[in-house]
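# Chain and residue survey
Each chain, letter by letter, is given below.
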Number of protein chains: 2
Amino acid sequence: MIQIAILGLGTVGTGVAKVVAENKRQIERKLGEPLEVKTVLVRHFKDGLYRQLMTNDFQKIENDPEIRVVVETIGGVEAAYEYTRRALEAGKHVVTANKQLVAEHGCELLELAKRKNVSYLFEASVGGGIPILHPLTQCMAANRIDEIYGILNGTTNYILTRMVRAGATFQDALREAQEKGYAEADPTADVEGIDAGRKICILGDLAFGRQMDPEAVPMEGICKLSLQDVKIAQRAGYRIKLLGRAVRLPGSGRTAYVAPHLIPEDNPIANVEDVFNAVMVRGNATGDVMFYGKGAGELPTASACVADVMECLQASPRRDEIGWDGGTEGFADPLSLKSRHYFRIAGSLADAAAVFGQVEVLSENGETAFLTEAVSGQEAAQLSQSLKVLACMRVLA
Amino acid sequence: MIQIAILGLGTVGTGVAKVVAENKRQIERKLGEPLEVKTVLVRHFKDGLYRQLMTNDFQKIENDPEIRVVVETIGGVEAAYEYTRRALEAGKHVVTANKQLVAEHGCELLELAKRKNVSYLFEASVGGGIPILHPLTQCMAANRIDEIYGILNGTTNYILTRMVRAGATFQDALREAQEKGYAEADPTADVEGIDAGRKICILGDLAFGRQMDPEAVPMEGICKLSLQDVKIAQRAGYRIKLLGRAVRLPGSGRTAYVAPHLIPEDNPIANVEDVFNAVMVRGNATGDVMFYGKGAGELPTASACVADVMECLQASPRRDEIGWDGGTEGFADPLSLKSRHYFRIAGSLADAAAVFGQVEVLSENGETAFLTEAVSGQEAAQLSQSLKVLACMRVLA
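Reading guide: rules and limits
- Residues numbered from 1 in each chain as written.
- Chains lettered and ligands numbered in written order.
- Predicted model: local features only at pLDDT ≥ 70, side-chain atom pairs only at ≥ 80, totals over all residues.
- Heavy atoms only, no water.
- Helix = DSSP H or I, 4+ residues; strand = E, 2+ residues; numbered from the N terminus.
- Rg over C-alpha atoms; globule rule 2.2 N^0.38 Å.
- Buried < 20%, exposed > 50% of the residue type's maximum accessible area, 1.4 Å probe, protein only.
- Contact = heavy atoms within 4.5 Å.
- Buried area = accessible area lost by both parts, 1.4 Å probe.
- Salt bridge = Lys/Arg side-chain N within 4 Å of Asp/Glu carboxyl O.
- Polar contact = N/O pair within 3.5 Å; in protein donor to acceptor, adjacent residues only side chain to side chain.
- Nonpolar A, V, L, I, M, F, W, Y, C, P; charged D, E, K, R; others polar.
- Pairing = 2+ DSSP bridges.
- Least-squares fit on C-alpha atoms with pLDDT ≥ 70 in both.
- Axes fitted to C-alpha atoms, helices over the stretch in contact; angles between N-to-C directions.
- Parallel < 35°, antiparallel > 145°, perpendicular 65-115°, else oblique.
- Left-handed = near helix turned anticlockwise from the far one by under 90°.
- Phe/Tyr/Trp six-rings, centres within 6.5 Å; stacked < 30°, edge-to-face > 60°.
- Expected span 1.5 Å × (residues − 1).
- Arc of directions from axis to C-beta.

Within chain A one finds 14 helices and 17 strands. Against the globule reference of 21 Å for 397 residues, chain A gives a C-alpha radius of gyration of 23 Å, in line with a compact fold. In terms of overall dimensions, chain A has a C-alpha envelope of 75 × 45 × 35 Å along the principal axes. Here chain A holds 397 residues, and 60% of them are scored as buried. Sequence separation of at least 24 residues holds for 72% of the intrachain contacts in chain A that already meet a minimum separation of 6.

In structure tokens form, the structure reads like this:
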């Protein structure tokens with residue numbers, strides 16, 4: 001019998017308890033012995049299924065030698081950070097879906113775990129139930145990873161899908177997402193690109209082996225996205241998606257950002273709809289590999305946590321493949337990246353051509369929408385200063 | 001310094017040597033020490049880059065205590081089987097891309113590996129460079145896997161893509177694939193569904209934990225596929241793809257087969273084109289998860305082999321998560337599976353309705369093409385006996 005503790009009993013915490021109970025047989029067959037939730041840390045006691053397991057005293061978990069793995073589902077940084085440190089110090093493995101904590105303190109917590117000869121795993125922090133961190137660090141270990149981009153936030157992808165399919169405005173689509181429970185009452189972290197930003201930092205950390213400071217990663221959401229641009233892009237054979245993107249640069253440089261992009265419709269990621277997520281990884285040997293599925297939700301996220309619990313228990317203590325260097329040097333401003341740019345301007349094609357030379361016209365209906373040749377973000381910004389820019393986005397090659 | 005041997009110097013074997021050389025830095029950073037190809041087993045000596053490493057005597061490898069991992073890229077069963085057994089008996093890890101050997105003898109070789117406290121890994125045998133076996137067995141370990149289906153053969157998918165896009169016949173598209181080097185001179189294993197069949201067996205073995213006998217798995221290819229059906233399906237909002245499919249049945253039953261299917265165009269797998277592969281895995285907690293990428297090719301397949309080499313060297317000797325029970329009982333005939341069926345008949349709608357009751361008409365242009373309600377394969381076969389059937393395929397739900 002292997003015993004674990006869950007910190008927090010929100011959506012993910014409850015899901016972990018459910019998956020452990022429902023898939024008891026599968027788990028026992030793989031582990032060779034049963035897995036059981038012994039203790040659940042909560043702030044306030046509530047009646048229900050797990051009442052007998054609840055405690056509000058973390059020391060009960062910290063000092064319990066029978067508990068081998070702690071699943072942290074509190075979220076945020078403060079308490080989650082403290083309890084994670086203490087659990088690792090106490091020689092317990094820790095598993096989490098907490099992307100903020102991993103993006104901000106993952107490097108330090110992984111080092112602590114290594115010192116204590118235990119694991120700190122967080123597959124569920126990116127892509128919910130979609131296996132991505134593990135395949136990236138293990139199955140693609142013989143590659144130099146050159147680029148990662150993906151639809152990393154289901155809420156915003158749902159909103160964009162509604163704008164495309166039903167012609168809904170951003171505000172209406174957001175309200176609909178809230179009604180369906182896909183968006184939170186305060187949707188800031190989702191629609192401003194912060195959630196996607198934390199995830200692209202974790203992907204970049206693992207892919208390039210060096211810390212990406214979330215503070216240094218520009219994050220642009222979809223709040224300002226106009227229905228007009230969605231329609232123009234659609235007619236021209238593109239879809240607009242919010243992408244997190246991390247790119248290896250020559251030397252040991254790297255960059256990352258979050259922003260809406262125009263994506264050619266024959267790119268498989270252009271057809272990822274609703275609350276689905278997808279991550280494209282470009283390895284120098286494998287080429288483009290895509291991982292697709294539901295990026296959130298109680299059971300998908302929880303099942304990724306439980307798989308990590310099983311992994312901790314089976315893995316050798318030597319886990320050098322997961323981890324990265326804490327230095328942030330070498331991180332470049334993503335404005336240096338070149339790509340075609342989409343512009344919509346209050347002006348004529350002549351205005352556009354005067355600044356950008358040859359452009360591909362997408363719409364001349366009063367305003368002018370066009371695609372530039374490949375230019376850096378700096379160039380795009382500088383050159384367009386003399387134009388009345390209504391919208392500007394990168395085009396994914 | 002970690003030393004390995006490669007058996008065979010064809011496409012995959014050469015690719016392994018290239019990946020080890022080209023991604024030296026990445027590999028050393030993850031392993032903590034350099035990786036080197038010490039010996040290459042060939043039948044005939046050839047001049048070239050690896051001339052110094054060649055031997056035609058397997059005993060040189062078997063008896064070399066410095067060689068810790070053997071990468072078998074011979075293919076087929078006979079010599080590959082013998083050398084794999086001997087390498088494992090000699091206490092060396094073995095890594096392969098050989099789907100035939102794994103589908104037919106994987107269970108036995110895994111047991112031998114376990115007895116000798118070494119690993120037998122074969123990520124590259126399914127989906128080339130796409131991580132799939134590892135994510136299935138580890139990242140989705142907390143799921144009960146209910147179904148797996150996928151485009152498992154790039155050659156046939158390329159042929160189908162040309163039939164859809166360019167209106168080419170099967171024969172013309174096959175010739176084009178051969179000219180481009182996507183299909184072999186003898187394309188039987190690809191176009192008859194045998195290659196896809198071996199891969200769906202391996203996926204089923206791992207997903208359901210019990211042997212699928214390739215002999216018992218019906219494999220239908222795309223040789224008989226008519227351009228007419230491709231066009232009718234297309235107009236009705238479907239794509240025709242060759243799928244391998246493995247399904248868990250109530251109790252401990254399971255089934256698997258390979259056949260062309262009609263797939264609704266909003267299923268992401270319908271849009272997988274050219275030589276790309278994709279595998280959809282349905283877990284009871286994660287829901288549908290898809291893995292996508294190039295399913296073949298020198299470097300993708302080789303990089304999956306090298307990742308397995310690294311995994312062998314890092315993993316604990318306890319590898320209970322990979323492996324399955326050797327018994328084949330519980331395997332049911334896939335004819336028992338229910339689904340809608342596509343028929344094209346030399347006859348009228350009235351003929352179709354007389355047999356199947358209400359049907360969805362797709363075409364009445366001389367012949368009649370229609371979709372039935374969900375029926376089992378047996379029912380579809382029995383009911384259609386009185387019709388002049390020109391084509392019959394399952395529709396993926």
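Further notes follow.
Contact with chain B, which involves 49 residues of that partner, is made by 48 residues of chain A. Overall, the association of chain B and chain A removes approximately 4100 Å² of surface from exposure, summing both partners, and the carbon and sulfur fraction of that is 52%. Applying the counting rule to chain B against chain A returns zero salt bridges. At the surface where chain B touches chain A, the tally comes to 11 residue pairs in polar contact (both at pLDDT 80 or more). Elements that contribute at least two residues to the side of chain B that touches chain A include exactly α2 (24-31), α6 (133-139), α10 (194-208), β11 (287-294) and α12 (298-314) of chain B. The residue makeup of the side of chain B that touches chain A, split by class, is 25 nonpolar, 14 polar and 10 charged. As paired strands, strand β11 (residues 287-294) of chain A and β11(B) are joined by five bridges and run antiparallel to one another. For A:F291, the partnering residue across the bridge sits in β11(B) and is B:F291.

For the pair chain B and chain A, the superposition axis carries a translation of 0.0 Å, the fit reaches an RMSD of 0.0 Å, and the rotation angle comes to 180°. In the structure described here, the two chain copies are related by an operation that fits a two-fold rotation axis. Taken together, the interface assignments show that 98% of the residues at the interface of chain B recur at the interface of chain A, consistent with an identical surface on both copies.

Let us now look at the pattern of salt bridges. Summed over the entire model, instances satisfying the criterion amount to 49 salt bridges over all chains. Between A:D195 and A:K199 there is a salt bridge, with the nearest N and O atoms lying 2.8 Å from each other. Of this pair, A:D195 and A:K199 are both found in helix α10 (residues 194-208), four residues apart, which corresponds to roughly one turn of the helix. A salt bridge links B:E273 to B:R165, with the nearest nitrogen and oxygen atoms 3.8 Å apart.

All names here are of chain B. Pairing is parallel in the open sheet, where six strands are placed in the order β3-β2-β1-β4-β5-β6. On the outer flanks of this sheet lie β3 (54-55) and β6 (120-121), each paired with one strand and no other. Two elements, strand β1 (residues 2-7) and strand β2 (residues 35-41), share six bridges in a ladder whose sense is parallel. Counted as the bridge partner of Q3 is E36 from β2.

Turning to unusual backbone geometry, a few remarks are in order. All names here are of chain A. A positive phi angle, near 65°, is found at N117, a position not held by glycine. With respect to the helices and strands, N117 occurs in the loop between α5 (99-115) and β6 (120-121). We classify N117 as partly exposed; its relative accessible area is 47%.

A separate point is the sheet that holds strand β3 (residues 54-55) of chain A. All names here are of chain A. The strand order across the open sheet built from six strands is β3-β2-β1-β4-β5-β6, with neighbouring strands paired in parallel fashion. One side of each edge strand has no neighbouring strand; the edge strands of this open sheet are β3 and β6. In this fold helix α12 (residues 298-314) packs onto β1 (2-7), β2 (35-41), β4 (67-72), β5 (93-96) and β6, with an angle of close to 160° to the strand it touches most, β5.

A few words now on the pairing of β11(A). Residues and elements named next belong to chain A. As paired elements, strand β10 (residues 276-283) and β11 share eight bridges and run antiparallel to each other. When the bridges of β11 are listed, F276 appears paired with K294. Connecting β10 to the next strand, β11, in antiparallel fashion are three residues.

Further remarks concern the environment of B:M54. Residue and element names in this part refer to chain B. Topologically, M54 is positioned in strand β3. Distance in space between the C-alpha atoms of M54 and D186 is 29 Å, their sequence separation being 132 residues. Sequence-distant contacts of M54, that is, excluding residues within four places in its chain, are made with L9, V40, V42, F45 and K46.

All names here are of chain A. Within the element layout of this structure, T14 appears in helix α1 (residues 11-22). Here G10 takes part through its backbone oxygen, which lies 2.6 Å from a polar atom of the side chain of T14. In contact with T14, other than residues within four places in its own chain, are L9, Y50 and E298.

Another point: the side chain of A:T39. Looking at the element boundaries, A:T39 is found in strand β2. With residues up to four places along the chain from it excluded, the contact list for A:T39 reads A:I4, A:A5, A:I6, A:L53, A:T55, A:I61 and A:I67.

Let's shift gears to the packing of helix α1 (residues 11-22) of chain B against α12(B). All names here are of chain B. Close contact between α1 and α12 brings their axes to 8 Å; oriented N to C, the two are set at 65°. When the interaxial angle is binned, α1 and α12 end up roughly perpendicular. Between α1 and α12 lies a crossing whose hand is right-handed. Along its contact with α1, which presents T11, V12, T14, G15, V16, K18, V19 and V20, the element α12 presents E298, L299, T301, A302, S303, C305 and V306.

The full count for this structure, using the stated rule, is 17 aromatic pairs over all chains. Residues A:F58 and A:Y83 carry aromatic rings whose centres are separated by 4.4 Å and whose planes lie at 25° to one another, so their mutual orientation is stacked. With A:F58 in helix α3 (residues 58-62) and A:Y83 in helix α4 (residues 78-89), this pair connects stretches of sequence that are 25 residues apart. A relative accessible area of 3% places A:F58 in the buried class. With a centroid separation of 5.0 Å and 5° between ring planes, the pair formed by B:F276 and B:Y292 is classed as stacked. Taken as a pair, B:F276 in strand β10 (residues 276-283) and B:Y292 in strand β11 lie far apart in primary sequence, 16 residues in all. Pairwise contacts between aromatic rings join A:Y120, A:F122 and A:W324 into one cluster.

This next bit is on the environment of A:R85. All names here are of chain A. Among the secondary structure elements, R85 is positioned in helix α4. Placed 24 residues apart in sequence, R85 and I61 show a C-alpha to C-alpha distance of 13 Å. Those residues within four positions of R85 in sequence are excluded, and the remaining contacts are E108, L109 and L112.

Looking now at α1(B). Residues and elements named next belong to chain B. With 12 residues, α1 should reach 16 Å at 1.5 Å per residue; the first-to-last C-alpha distance of 16 Å fits that figure. Listed in full, the buried residues belonging to α1 are G13, T14, G15, V16, A17, V19 and V20. Next to the buried residues of α1 lie β1, α2, β2, β4 (67-72) and α12.

Residues and elements named next belong to chain A. For α4, with 12 residues, the first-to-last C-alpha span of 17 Å sits near the 16 Å given by 1.5 Å per residue. Inspection of α4 places A80, Y83, T84, A87 and L88 among the buried residues, and these make up the whole buried set. The buried residues of α4 occupy one face: seen down the axis, they fall within an arc of 130°. Downstream of α4 by one or two residues, G91 has phi in the positive range, about 85°.

Attention now moves to the pairing of β2(B). Residue and element names in this part refer to chain B. For β2, the buried fraction is high: five of the seven residues fall into the buried class. Here two bridges tie β2 to β3, and the two strands are oriented parallel to one another. Pairing of V40 across the sheet is with M54, part of β3.

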